[in-house]
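# Tertiary structure, described
Spelled out, the chains give:
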Amino acid sequence: MESATYVSQKISKTRWRPVSYSALQQPDIFATGSWDNEENKVSVWSIGDQGRSDLEDGFEGDPQLLCEYNHDGDVLDLQFLDQERFVTVSSTGAVTIFRHHQNSQTLSVTQQWAKAHRFPCNNAPSTGVACSTPEVVTVGEDGRIIVFRVDQEGVVRVIENADSSTLHAVTYLRTTEVLTVNSIGQLKLWDLRQQSSSPSQILSLSGDRVPLYCVARHPNQQHIVATGGQDGMLCVWDVRQGNMPFSLMEAHSAEMWEVHFHPTNPDHLFTCSEDGSLLHWETSSPSEMPSFLQGGRNSSMTSRSAMAPAGGNQSIVSAWLRGDSSKSRLETTHMLPTQTLSVNSLDVLGQCLVCGTDGEAIFINRQVPV
């Protein structure tokens, strides 16, 4: 089931509220942030069918706006801290924690660091945020990495000159390590226990210094990460070995804005792009390929394996690092009707996928085949 809802604002970021895996819940609440509008907003939506009798008038579970709050500047990233709170970073350099009050269906600001990212003479856009409660890490165009704690007003730590170029995204690899990507095609690994302002490891795309815009960590095998950037290529890296990507795949014809592994079934991966497409990637051999993918295969996809996987039992080597016959193991499916405007953000949880576009639309798919 797929529905499109038009929301009169360009959606820059969208994220599902976390659910309790033990209860086998499907997600029903998500947050969005907007950009490039006269007045930007953060909004909280529900796809639950709370007391609705008008389902004939639209798709079941069309998102209902629960509450919204004006946001100073473009929302450049958004991540949930827990069931009630999420963090945004802004083009103004601000980092803000919002609380969703579920009884009153209102939003409030519980904490804000107004000019966290800045150049000597003006604010610098804060471009990415990662959360490992109670810590929050942000990066920005000023090349700084900042560590906050949600229960402290001050800043815990700043790595001042972490990068001489723009940092576009950050993710936690482990509780004490983060990975950043920058505008000259580098991944840098940072050990937050060290007082050094140098990365513990640098990986890079050889040759062209193609800006990287997004990074995602494999949920079970922290050494595996996926990145995407200006050239639309999907890169998979093994940070334990080598300084180059393990494989490069032609994914999109324009900038790739986000990449996400499915959190509980990481043989599935999703990417979205400026070219208006949203792709579902699945690693499997043809014989294992489920019937729903037989028709949607993208045979023009190419894969180049850069190096053989590390030694060890092949069966436990992640499917993303199997060097042999990668072509037959990767299937791609287009998940949206033909789009013309950029798909800026996506999130997937359980069988539910949400994405937001420059066409001022939110797409929901509640039957993601994972």
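Quick notes on the rules
Residues numbered from 1 in each chain as written. Predicted model: local features only at pLDDT ≥ 70, side-chain atom pairs only at ≥ 80, totals over all residues. Heavy atoms only, no water. Helix = DSSP H or I, 4+ residues; strand = E, 2+ residues; numbered from the N terminus. Buried < 20%, exposed > 50% of the residue type's maximum accessible area, 1.4 Å probe, protein only. Contact = heavy atoms within 4.5 Å. 1 Å grid on protein atoms, 1.4 Å probe; cavity = no way out; pocket = protein on both sides within 12 Å on 5 of 7 lines; lining within 4 Å. Points joined across faces, edges and corners; volume = space filled by probe spheres on them. Nonpolar A, V, L, I, M, F, W, Y, C, P; charged D, E, K, R; others polar. Salt bridge = Lys/Arg side-chain N within 4 Å of Asp/Glu carboxyl O.

A tally of helices and strands in the protein yields 2 helices and 29 strands. Out of the 370 residues in the protein, the part that is buried amounts to 55%. Taking as baseline every contact in the protein between residues at least 6 positions apart, the subset at least 24 positions apart corresponds to 53%.

So, on to the layout of surface pockets. Counted as a void, the second largest pocket has a volume near 180 Å³. Forming the walls of the second largest pocket are 15 residues, and the residues nearest its centre are Leu205, Ser206, Val210, Asp231 and Leu248. Per-class residue counts for the lining of the second largest pocket are 9 nonpolar, 3 polar and 3 charged.

A few words on the environment of Glu360. Locating Glu360 in the fold gives a position in the loop between strand S28 (352–357) and strand S29 (361–365). What makes Glu360 partly exposed here is its relative accessible area of 29%. Glu360 sits 350 residues away from Lys10 along the chain, and the two C-alpha atoms are 4.5 Å apart. Among residues more than four places away in sequence, those in contact with Glu360 are Thr5, Tyr6, Val7, Ser8, Gln9, Lys10 and Asn37.

Per the stated rule, a full pass over the model turns up 14 salt bridges. A salt bridge links Lys10 to Asp36; the nearest nitrogen and oxygen atoms lie 2.6 Å apart. Within this pair, whereas Lys10 is found in the loop between strand S1 (2–6) and strand S2 (11–16), its partner Asp36 is found in the loop between strand S3 (29–34) and strand S4 (40–46), the two being separated by 26 residues in sequence. The partner of Arg149 in a salt bridge is Asp151, and the shortest N-O contact between them spans 3.3 Å. The exposure class assigned to Arg149 is partly exposed, which follows from its relative accessible area of 26%. The exposed category is assigned to Asp151, whose relative accessible area is 53%. Through salt bridges that share partners, Lys13, Arg15, Asp77 and Glu258 make up one connected network.

On to the side chain of Lys188. Along the polypeptide, Lys188 turns up in strand S16 (residues 186–191). Not counting residues up to four positions away in its chain, the partners in contact with Lys188 are Ala162, Asp163, Val178, Leu179, Thr180, Asn182, Pro199, Gln201 and Ile202.

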